[in-house]
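Understanding the architecture of this molecule
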Amino acid sequence: MKKLKIDAEKCIGCGACVALCPKTFFLNEEGKAEVKNPPGETEAQIQDAIDSCPTQAILWE
Ligand code: SF4
């Protein structure tokens with residue numbers, strides 16, 4: 001599995017990634033998405049979350 005990165009500057013904390021992939025993303029105490037280690041969903045499911053992020057804050061490293 002490729003590595004994931006969240007750009008905290010871009011993340012607006014909408015929760016879309018968490019709703020789609022709750023075993024991979026969570027919102028931290030600052031309301032920004034973070035990546036769980038290891039991610040719990042498949043690469044295809046994670047790609048859906050990446051495509052659903054309104055600010056393109058989720059990146060494959
Ligand atoms: Fe942040 Fe994008 Fe996840 Fe929304 S979908 S919480 S903007 S990373």
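Our structure's up above, just so we're on the same page.
What comes next is a walk through the structure. Source: prediction; values computed, not measured.

Quick notes on the environment of Asn37
- Within the secondary structure layout, Asn37 lies in the loop between β3 (33–35) and α2 (43–52).
- For Asn37, a relative accessible area of 77% puts it in the exposed group.
- C-alpha separation for the pair Asn37 and Leu4, spaced 33 residues apart in sequence, amounts to 9.6 Å.

Digging into unusual backbone geometry
- A cis amide bond links Asn37 with the next residue in sequence, Pro38, at an omega value of 0°.
- You can see Pro38 is positioned in the loop between β3 and α2.
- Its identity is not glycine, yet Gln56 carries a phi of approximately 50°, on the positive side.
- Relative to the assigned elements, Gln56 resides in the loop between α2 and β4 (58–60).
- Judged by relative accessible area, which is 52%, Gln56 ranks as exposed.

A look at the pattern of salt bridges
- In total, this model carries 1 salt bridge according to the counting rule given.
- In this structure, Lys2 and Glu43 form a salt bridge, with 3.9 Å as the shortest nitrogen-oxygen distance. In this pair, Lys2 sits in the segment before β1 (4–6) while Glu43 sits in helix α2, placing the two residues 41 residues apart along the sequence.
- Overall, Lys2 belongs to the partly exposed group, its relative accessible area being 41%.

Definitions and limits used
- Residues numbered from 1 in each chain as written.
- Predicted model: local features only at pLDDT ≥ 70, side-chain atom pairs only at ≥ 80, totals over all residues.
- Heavy atoms only, no water.
- Helix = DSSP H or I, 4+ residues; strand = E, 2+ residues; numbered from the N terminus.
- Buried < 20%, exposed > 50% of the residue type's maximum accessible area, 1.4 Å probe, protein only.
- Salt bridge = Lys/Arg side-chain N within 4 Å of Asp/Glu carboxyl O.

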